[in-house]
Amino acid sequence: MRILLVEDDRSTSDYVVRGLREQGHVCELAETGTDGLTRATRDSFDVMVVDRMMPELDGLSLVRALRATGNSTPVLFLTAVGSVDDRVEGLEAGADDYLVKPFSFAELAARVQALGRRPPGTADVTKLQVADLELDLIKREARRGGVVLDLLPREFALLEVLMRNADRVVTRTMLLEQVWNFHFDPKTSVVETHISRLRAKVDKPFDTPLIHTVKQAGYSLHAPR
Amino acid sequence: MRRDSLLRSSAFQAAILVSALVILSLTVAGTIAYVQTARSARALYDDRVATLFDSIAQAAAEPGGRGVEELVSTYRYSARQDVPLIWWQPVRGRAMGNLPPNIALPVGWTTLQISTRDGEAAASYRVLKRPIPGGMLTVGRRDQERDRIAREMRGAIGWGLAVALGLALASGALVAQRVRRRHRAFTEAISAIGAGDLAARLPVSRADDDIDRLAHAINEALARLAALVETMQQISTDIAHDLRTPLNRLSLRIDAAHAAAEAGGDPRAELEAATRDCTELAQTFSALLRIAQIEAGARRARFARLDLGPLVAEVCDFYDAAAEDAGMTLSAETPEGAAWLHGDAELLQQLVVNLIENAIRHCPPGTRITCRVDPDPGGARISVRDTGPGIPEAERNRVLRRFYRLEKSRTTAGTGLGLALVQAIADLHGATLVLDDAAPGLDVRLNFPPPAKGAQSSNAPVSP
């Protein structure tokens with residue numbers, strides 16, 4: 001993917017750019033808000049990662065200006081810890097996701113991936129399928145190998161998020177946000193507990209596991225490679 | 001110098017103005033009273049003069065009665081003190097009477113100032129001169145009452161005005177003094193505050209007047225300000241104090257990883273531990289700042305109407321697996337109807353999460369944890385109750401403070417900020433927080449105010 005990073009702090013940007021390039025993305029850097037805005041409107045990117053605090057033009061104003069021109073490139077905000085209203089403010093300005101510093105690179109990478117995918121019609125899909133696992137979103141029913149799985153509503157929601165992000169890494173924080181709408185950090189080990197419950201129902205009775213743990217990052221649902 | 005400032009006092013000037021108006025109206029009223037009284041007194045005396053006139057005229061007109069001359073003589077030589085004026089000018093004959101010479105009177109009513117006897121002071125007479133058959137008759141009576149009334153009225157009004165003026169000045173000075181004293185007390189208190197003494201407060205009298213209410217409002221604002229400043233100072237102290245140790249530990253771990261790598265070993269275990277330490281540090285820091293912001297009331301602007309039942313049910317749904325893994329049971333009791341309150345969904349989630357995490361962390365396997373929501377017209381209620389070891393009564397107040405850990409919990413994981421955050425969130429929502437003995441176990445109860453209060457933000461129900 002083509003990613004634009006707008007960040008004035010050298011140490012952070014060095015680290016992030018290198019990490020993203022190692023993952024195979026094309027990553028460009030703008031070190032001020034104005035430069036970022038220019039590049040975003042001139043070239044096209046799949047995802048933008050924007051720091052909130054910057055000299056000249058700050059992140060919030062940059063996103064507002066971008067949206068005002070009709071540009072709908074997905075934006076991930078980076079912000080320092082402790083700004084309580086920032087998330088809502090950022091989303092209202094037009095950002096799509098939000099990450100608090102300090103963050104782990106795996107978290108950033110997973111969210112960038114998730115933002116970058118916009119295959120058409122994902123929102124309206126009624127069925128999801130990976131290997132022999134099927135999810136009927138209308139009937140709220142999961143089947144594997146033709147057998148109906150007995151899932152609790154939250155287990156279904158958890159599986160749905162994993163399947164919508166099939167082949168990609170979903171971090172524990174992302175799951176907390178999307179399945180339970182928690183935007184703070186309860187002990188993420190609880191997420192592990194839920195995943196293991198899910199595994200007991202979705203993977204254990206069958207031959208091939210679909211839910212995989214990605215070390216240091218999160219989880220990923222995909223057919224075995 | 002003192003009098004100068006008294007004159008400049010706005011209270012004094014106001015008092016003078018009011019007094020001037022009062023005196024003016026008193027004067028007007030007094031004048032009206034005087035004029036009316038004088039007028040009716042005059043009417044009374046004129047009546048007496050007319051009666052005398054008529055009786056003389058009538059007696060003179062009676063056939064066989066005494067003539068006018070005889071009647072005039074009678075009156076003229078009356079020994080009475082109150083001698084009437086009388087003058088008879090017949091058509092034919094000599095004039096007679098006791099009017100002093102050289103006084104020409106017009107026909108009709110006149111007021112005359114003369115003295116009838118030598119050595120006497122001039123008095124006021126009311127005189128009537130009219131023609132009767134046979135000549136011109138003039139009759140007059142002394143208006144002494146009228147004189148006296150006029151004198152007395154003038155005296156009374158004069159004294160009244162003088163007293164009023166005196167009272168006005170005195171009360172003006174008194175009021176102004178009182179106001180100036182208060183003013184000075186206020187100025188002193190505010191100077192003290194400006195100089196940095198945040199404990200200073202404006203003085204409040206028992207009168208509970210509008211100035212007192214203003215002082216109360218300012219004092220409340222000052223108290224909030226002082227609390228804010230204290231919180232900020234507390235945060236700095238906390239951060240310096242309590243993040244130092246984990247930071248130190250982190251530094252040591254990285255050193256250890258370094259050393260392991262140098263020695264040709266595998267630093268990964270140490271680095272993973274270091275990462276965990278970092279995460280924990282960030283969480284502590286974030287929690288501290290969150291508490292500070294909550295205490296500063298920054299989030300009240302985003303309050304919305306929400307139903308506590310589903311919120312608590314969702315958190316319990318999330319944690320029941322974790323509880324089960326720890327050998328405990330977690331259940332939610334939510335009401336049929338809605339339990340409305342006005343608040344911040346995310347903060348309330350955090351509150352319930354902290355209480356549940358606390359219970360899971362501090363209770364042994366086999367504990368039953370129950371989250372209960374009660375709707376109530378007096379305000380929604382939450383109770384998180386466990387059957388664990390509970391908190392000794394002596395410690396119950398202290399556990400709400402930042403970083404406080406019960407002695408026996410010192411070794412368990414956690415930042416020690418969980419309950420402090422719960423308290424801060426409760427305060428922000430205007431809720432009361434009570435730690436009670438569940439016999440056995442701990443019962444944490446929160447009572448929220450009903451949502452009717454403080455509905456400034458949107459009323460759209462928010463599902464968390």
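Trainee: Would you mind going over the overall build of chain A in detail, with residue names and values included?
Mentor: Per the secondary structure count, chain A includes eight helices and 12 strands. Out of the 225 residues in chain A, the part that is buried amounts to 51%. Summarising the internal contacts of chain A: among those between residues at least 6 apart in sequence, 57% fall at separations of at least 24. Total accessible area on chain A stands at roughly 10300 Å², and carbon and sulfur atoms take up 50% of it.

Trainee: How would you explain the overall build of chain B if you had to name every residue and give the values?
Mentor: Within chain B, the secondary structure is distributed over nine helices and 12 strands. With an accessible surface of roughly 26100 Å², chain B has 56% of that area assigned to carbon and sulfur atoms.

Trainee: Can you break down the sheet that holds strand β11 (residues 211-214) of chain A residue by residue, with the values?
Mentor: Residue and element names in this part refer to chain A. Strands sit in the order β10-β12-β11 across an open sheet of three strands; the sheet is antiparallel. Two strands close off the open sheet at either side, each with one partner strand: β10 (170-171) and β11. Relative to strand β12 (residues 218-221), β10 runs antiparallel, the two being bridged by two bridges. In the sheet register, Val 170 faces β12, and the bridge partner there is Tyr 219.

Trainee: Requested: an account of helix α4 (residues 86-93) of chain A, with residues and values cited.
Mentor: Along α4 of chain A, the residues classified as buried are Asp 86, Arg 87, Gly 90 and Ala 93 of chain A. The buried side chains of α4 of chain A occupy one side of the element, clustering within an arc of 130° when seen end-on. Looking at the buried side of α4 of chain A, the elements it contacts are α3 (59-68), β4 (75-79) and β5 (97-100) of chain A together with α8 (345-362) of chain B. Remark: Gly 94 of chain A follows α4 of chain A within two positions and exhibits a positive phi of approximately 125°.

Trainee: If you had to explain the pattern of salt bridges to someone new, which residues and values would you point to?
Mentor: Evaluation of the coordinates by the stated rule reveals 38 salt bridges over all chains. Here Arg 197 of chain A makes a salt bridge to Asp 325 of chain B, at a shortest N to O gap of 2.7 Å. Residue Arg 197 of chain A is located in helix α8 (residues 189-202), and its partner Asp 325 of chain B is located in helix α7 (residues 308-325); the two belong to separate chains. Overall, Asp 325 of chain B belongs to the exposed group, its relative accessible area being 51%. A salt bridge links Glu 333 of chain B to Arg 372 of chain B; the nearest nitrogen and oxygen atoms lie 2.7 Å apart.

Trainee: A description of the packing of α8 of chain A against α7 of chain B should follow, citing residues and the corresponding values.
Mentor: The description of two helices packed together rests on the angle between their axes and the distance between the axes. One way to put it is that α8 of chain A packs onto α7 of chain B with a least axis distance of 9 Å and a crossing angle of 85°. Here α7 of chain B runs roughly perpendicular to α8 of chain A, going by the angle between their axes. Touching Val 190, Val 191, Thr 193, His 194 and Arg 197 of chain A of α8 of chain A are Asp 317, Phe 318, Tyr 319, Ala 321, Ala 322, Glu 324 and Asp 325 of chain B, all from α7 of chain B. Looking at the contact of α8 of chain A with α7 of chain B residue by residue, the class counts come to six nonpolar, two polar and four charged.

Trainee: I'd like a description of the side chain of Gln 350 of chain B, backed by residues and values.
Mentor: The residue Gln 350 of chain B is located in helix α8 in this model. Ignoring anything within four residues of it in the chain, the contact list for Gln 350 of chain B reads Phe 184 of chain A together with Arg 290, Leu 421 and Ile 425 of chain B.

Trainee: Tell me about the packing of α7 of chain B against α8 of chain B, and please be specific about residues and values.
Mentor: All names here are of chain B. Packing of α7 against α8 brings their axes to within 10 Å, and their N-to-C directions diverge by 35°. As for the relative orientation of α7 and α8, their crossing is right-handed in sense. In contact with Leu 308, Leu 311, Val 312, Val 315, Cys 316, Tyr 319 and Ala 323 of α7, α8 contributes Ala 345, Leu 348, Gln 349, Val 352, Val 353, Ile 356, Glu 357 and Ile 360.

Thresholds applied
Residues numbered from 1 in each chain as written. Chains lettered and ligands numbered in written order. Predicted model: local features only at pLDDT ≥ 70, side-chain atom pairs only at ≥ 80, totals over all residues. Heavy atoms only, no water. Helix = DSSP H or I, 4+ residues; strand = E, 2+ residues; numbered from the N terminus. Buried < 20%, exposed > 50% of the residue type's maximum accessible area, 1.4 Å probe, protein only. Contact = heavy atoms within 4.5 Å. Areas by Shrake-Rupley, 256 points an atom, 1.4 Å probe, with all protein chains shown as cover. Pairing = 2+ DSSP bridges. Arc of directions from axis to C-beta. Salt bridge = Lys/Arg side-chain N within 4 Å of Asp/Glu carboxyl O. Axes fitted to C-alpha atoms, helices over the stretch in contact; angles between N-to-C directions. Parallel < 35°, antiparallel > 145°, perpendicular 65-115°, else oblique. Nonpolar A, V, L, I, M, F, W, Y, C, P; charged D, E, K, R; others polar. Left-handed = near helix turned anticlockwise from the far one by under 90°.

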